[in-house]
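The primary structure of each chain is shown beneath.
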Amino acid sequence: MEKPLGVETASERPSIDPAVDFARAIEHGKPDFAHGVILYLDDISVSFDGFQALNKLSLAIDVGELRCIIGPNGAGKTTMMDVITGKTRPDSGTVFFGQNIDLLKMTEPEVAHAGVGRKFQKPTIFEQHTVFENLELSMKADKRVRNTLFAKLNSEQRDRIAETLRQIRLEDAASRIAGLLSHGQKQWLEIGMLLMQEPKLLLLDEPVAGMSDDETERTAELFLALAGKRSLVVVEHDMAFVAKIARTVTVLHEGSVLAEGPMERVQNDPRVIEVYLGR
Amino acid sequence: MGPVSLLIARLYGPRGWMTLAAFALALFVVFPLCNLAIPEGNPLHLSAYWVSLVGKIMCYAIVALAMDLAWGYAGILSLGHGLFFALGGYAFGMYLMRQIGSDGQYKANMPDFMVFLDWKEFPWAWWNSDQFWWCALLVVLVPGLLAFVFGFFAFRSRIKGVYFSIITQALTYAAMLLFFRNATGFGGNNGFTDFKRILDIPVAIPSTRMALFAITAATLIGSLLLGRYIVTSKFGRILAAIRDAESRVMFCGYNPVHYKLAIWTFSAVLCGIAGALYVPQVGIINPSEMSPANSIEIAIWVAVGGRGTLVGAIVGAGLVNGAKSYFTQAFPEYWLYVLGLIFILVTLFMPKGVVGLWSQWKNRSA
Ligand SMILES: Nc1ncnc2c1ncn2[C@@H]1O[C@H](COP(=O)(O)OP(=O)(O)O)[C@@H](O)[C@H]1O
Ligand SMILES: [Mg+2]
């Protein structure tokens, strides 16, 4: 198929070949994690109509790390995830996945293929599909049109879905319409969808919002079990939850890093107390 | 179970297949028998009027089906599908015009309108148009290519919702103005008519009409089954996912542009085929088929029948056009009011259309 002609909008990247971004994701190469770092954000700035949402933000996440990011409302946490996943283009700065993959050159689906999965702040699932179908669609597979017209689930894939259903405790709801789930269950389903994608890096935007204490507890266990095998970046407001899972905590404030370190140190940092309590 | 029986079970349940078989029986056996074998005067005889009315409605039903694939499943509301229908009709109409040969009013080996305009040779677009296979190819290629190119730029620029709908309205309107001009080369506001033959066989005789009717019925049933195949595939589930949560689809690693483009182009091609079947049965094609109101009507058929069900599209096309053919005879000046009223009532009280009403009623009685 032809390369697209001219016509570019602000939100578009240099080129999207309508035939194969799967192939392009491969062509971008395998990420190189030799330095032990999975995600580098360097000097990222984003402004919306003059309002500085991210201000020279720099951040590095290690392979296998579980990083918590906290910060008051409007600190730029969601915007940071938008930048990483290709939804928002920054005014300046760079984002690298491993040593070699420039995420800023990629479309959202390409970023997903590279190995970044994202959970939205507001649970975003396919409300009219069954729980099973939600997992089926998000499963790691050839995601080109041609393939999906003839795709059939093999027994291995069915097993994977069954296992994820168990993990997110929705075995009994497999054939329920996802829109009918409780808020907490939707959150879990979205996490399950991420797991089906088998990403190397998971970005989780307020994953336990609206969950019962019990559900929150189990989510903490799940994340702790995932850390090491995958890298996780968790944005959360729930301090008890953060305290439970956090190793390194990054505090974002007005679009840049205010403090970073172990939970106890960050909690006692006077600048952090000022930001959280002093207003 | 073998792969074939699995596929059959995937498309429809036993009740669905039975209903379909009943319809096939009516269309392929009852209609030809009552029209051709039972003589006129016998109360069981079906007149040519009915054959052509039902044939025409089946063409509309194919368009509605195509519309439902794009709108009901992928959430792409086109208000320009009449354009693809008309282009298919014009592409095949060229062949029908050439088949008139020198039997036109001017006895020239050229369509009358060209003689009238004092043209000496065929415009470039008519190249090879005396060949059936070539025009049949154009029926698919012209709407398909236009839809592909238009869709490519629209979807890539992430034009959605009402903006997309308005642009499709503008597109069909612009095409209508273009086709109104004599210089465009397709007969201006009169379009094409007075067809005589198709594949050298007289077009107006009962057996030809019945053959066209049967081909249309087969195309309709084939489109329905193909549509079912599409919407029950993973591809179909992704379309519905794009409709409901496009950003999630992208972050799952699918590029929605490709999916929308695929179903959009397929939908346009289906409309083109319907248009090509329509023209020889109705006997005329002119630019009014491209009027914006025509395309809006297509959306109303689907809304009335019930979006996202395929069968609903066919039911809606049948009901609205059945009502239309009654009203335009009985009270011609009121049809548009009636159509508007139907649309308002459906939007207010039957958000899932007639087909949805059926399942609502079943749920209540169960
Ligand atoms: N698309 C946008 N247009 C304008 N302002 C935005 C947009 N997205 C985010 N913002 C603003 O940027 C700031 C950071 O938002 P966000 O990243 O959502 O914060 P957080 O997730 O930390 O609560 C907020 O003040 C928000 O109003
Ligand atoms: Mg946020």
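None of the values given here were measured: they were computed from a predicted structure.

### Details of the overall build of chain B
1) Next: Across its full length, chain B carries 14 helices and four strands.
2) Next: Over its C-alpha trace chain B gives a radius of gyration of 21 Å, about what one expects of a compact globule, namely 21 Å for 366 residues.
3) Next: In terms of its C-alpha atoms, chain B occupies a principal-axis envelope of roughly 65 × 55 × 50 Å.
4) Next: Relative to its 366 residues, chain B shows a buried fraction of 44%.
5) Next: Of the contacts formed within chain B by residues at least 6 apart in sequence, a portion of 78% connects residues at least 24 apart.

### Observations concerning the overall build of chain A
1) Next: Tallying secondary structure elements over chain A gives eleven helices and ten strands in all.
2) Next: For chain A, buried positions account for 44% of its 279 residues.

### A few points about the interface of chain B and chain A
1) Next: Of the residues lining the interface, 27 residues belong to chain B; the matching set on chain A comes to 29 residues.
2) Next: For the side of chain B that touches chain A, the secondary-structure elements that each account for two or more residues are helix 6 (132-156), helix 9 (234-251) and helix 10 (256-282) of chain B.
3) Next: Partitioning the side of chain B that touches chain A into residue classes produces 15 nonpolar, six polar and six charged.

### Here's the deal with the pairing of strand 10 (residues 256-262) of chain A
All names here are of chain A.
1) Next: In this sheet, strand 10 lies alongside strand 9 (residues 248-253) in antiparallel orientation, the contact comprising six bridges. In the sheet register, Leu252 faces strand 10, and the bridge partner there is Val257.
2) Next: The antiparallel hairpin formed by strand 9 and strand 10 contains two residues in its connecting segment, where Glu254 sits at a positive phi of about 45°.

### Quick notes on the confidence of the model for chain A
1) Next: Mean pLDDT over chain A: 88, with 89% of residues reaching 70 or higher.
2) Next: When mean pLDDT is compared element by element in chain A, helix 4 (residues 131-138) of chain A scores highest at 97, while helix 1 (residues 21-27) of chain A scores lowest at 50.

### Regarding helix 8 (residues 206-231) of chain B
All names here are of chain B.
1) Next: The first and last C-alpha atoms of helix 8 sit 37 Å apart over 26 residues, in line with the 38 Å expected at 1.5 Å per residue.
2) Next: Regarding helix 8, the residues found buried are Leu212, Phe213, Thr216, Ala217, Leu220, Ser223, Leu224, Gly227 and Val231.
3) Next: Buried-residue contacts for helix 8 involve helix 2 (14-37), helix 3 (48-73), helix 9, helix 10 and helix 12 (311-330).

### Regarding the sheet that holds strand 9 of chain A
Residues and elements named next belong to chain A.
1) Next: Strand order in the open sheet made by the six strands is 6-7-8-3-9-10, with mixed pairing throughout. In the strand order of this sheet, the two ends are held by strand 6 (116-119) and strand 10, each with one partner. Mean inter-strand twist for the sheet, computed between neighbouring axes without regard to direction, equals 20°.
2) Next: Judged from the four bridges that link them, strand 3 (residues 66-70) and strand 9 form a sheet pairing that is parallel. Looking across to strand 9, one finds that Cys68 is bridged to Val249.

### A word on the packing of helix 12 of chain B against helix 13 (residues 335-349) of chain B
Residue and element names in this part refer to chain B.
1) Next: Interhelical geometry of helix 12 versus helix 13 gives an angle of 150° and a closest axis separation of 10 Å. By the angle class used here, helix 12 and helix 13 are roughly antiparallel. As for the relative orientation of helix 12 and helix 13, their crossing is right-handed in sense. Where helix 12 abuts helix 13, its residues Val320, Ala323, Lys324, Phe327 and Thr328 lie against Trp335, Val338 and Ile342.

### With respect to the packing of helix 3 of chain B against helix 10 of chain B
Packed helices, taken two at a time, are described by the angle between their axes plus the distance between the axes.
Residues and elements named next belong to chain B.
1) Next: Contact geometry of helix 3 with helix 10 gives a least axis separation of 8 Å together with a crossing angle of 170°. With respect to each other, helix 3 and helix 10 are oriented roughly antiparallel. Across the interface between the two elements, Ser52, Gly55, Lys56, Cys59, Ile62, Val63, Leu65, Ala66, Met67, Leu69 and Ala70 of helix 3 pack against Ile263, Trp264, Phe266, Ser267, Leu270, Cys271, Ile273, Ala274, Leu277, Tyr278, Gln281 and Val282 of helix 10.
2) Next: Grouping the amino acids of the contact of helix 3 with helix 10 by side-chain chemistry returns 18 nonpolar, four polar and one charged.

### Here we look at the nonpolar core
One broad trend across soluble globular proteins is that nonpolar side chains are buried collectively.
Residues and elements named next belong to chain B.
1) Next: Grouped together as the largest cluster of nonpolar side chains are 169 residues, with contacts concentrated most on Ile62, Val63, Ala64 and Leu65.
2) Next: When residues in this core are grouped by element, the largest group, 17 residues, is from helix 3.
3) Next: Filtering out sequence-adjacent residues up to four positions away, Leu65 remains in contact with Ser223, Leu224, Gly227, Leu270, Leu310, Ala313 and Ile314.

### A short note on unusual backbone geometry
1) Next: The backbone phi angle of Glu254 of chain A is positive, close to 45°, even though this residue is not glycine.
2) Next: You can see Glu254 of chain A is positioned in the loop between strand 9 and strand 10.
3) Next: Within the chain, Asn128 of chain B stands out as a residue other than glycine whose phi angle is a positive 65°.
4) Next: By the secondary structure assignment, Asn128 of chain B is in the loop between helix 5 (112-116) and helix 6.

### Some points on the site of ligand 1
Residues and elements named next belong to chain A.
1) Next: Every residue near ligand 1 is listed here: Phe48, Phe51, Ala53, Gly71, Asn73, Gly74, Ala75, Gly76, Lys77, Thr78 and Thr79.
2) Next: Sorting the residues of the shell around ligand 1 by element identifies strand 2 (51-62) and helix 2 (77-84) as the ones contributing at least two each.
3) Next: With three residues, the top contributor of residues to the shell around ligand 1 is helix 2.
4) Next: For the shell around ligand 1, the class distribution of residues is four nonpolar, six polar and one charged.

### A word on the environment of Leu336 of chain B
1) Next: Within the fold, Leu336 of chain B resides in helix 13.
2) Next: C-beta crowding within 10 Å serves as the criterion here: with 14 such atoms nearby, Leu336 of chain B is assigned to the partly exposed category.

### Topic: the sheet that holds strand 1 (residues 37-48) of chain A
Residues and elements named next belong to chain A.
1) Next: The strand order across the open sheet built from four strands is 2-1-4-5, with neighbouring strands paired in antiparallel fashion. Each edge of the sheet is formed by a strand with only one pairing partner; in this case those strands are strand 2 and strand 5 (101-102).
2) Next: Two elements, strand 1 and strand 2, share eight bridges in a ladder whose sense is antiparallel. Residue pairing across strands places Ser47 opposite Gln52, the latter belonging to strand 2.
3) Next: On the sheet, helix 2 packs against strand 1, strand 2 and strand 4 (92-97) and is oriented at approximately 65° with respect to strand 2.

### Some details on the pairing of strand 8 (residues 231-235) of chain A
Residue and element names in this part refer to chain A.
1) Next: Most of strand 8 is tucked away, with five of its five residues classed as buried.
2) Next: Side chains Ser231, Val233 and Val235 project from strand 8 onto one buried face, and the interleaved Leu232 and Val234 project onto a second face that is buried too.
3) Next: Where strand 3 lies against strand 8, four bridges are found, and the strand directions are parallel. The residue of strand 8 that forms the bridge with Ile69 is Val235.

Basis of the calculations
Residues numbered from 1 in each chain as written. Chains lettered and ligands numbered in written order. Predicted model: local features only at pLDDT ≥ 70, side-chain atom pairs only at ≥ 80, totals over all residues. Helix = DSSP H or I, 4+ residues; strand = E, 2+ residues; numbered from the N terminus. Rg over C-alpha atoms; globule rule 2.2 N^0.38 Å. Buried ≥ 20, exposed ≤ 12 C-beta atoms within 10 Å, placed from the backbone. Contact = placed C-beta atoms within 7 Å. Nonpolar A, V, L, I, M, F, W, Y, C, P; charged D, E, K, R; others polar. Pairing = 2+ DSSP bridges. pLDDT = per-residue confidence, 0-100. Expected span 1.5 Å × (residues − 1). Axes fitted to C-alpha atoms, helices over the stretch in contact; angles between N-to-C directions. Parallel < 35°, antiparallel > 145°, perpendicular 65-115°, else oblique. Left-handed = near helix turned anticlockwise from the far one by under 90°. Core = buried A, V, L, I, M, F, W, Y, C linked by C-beta atoms within 7 Å. Near = placed C-beta within 6 Å.

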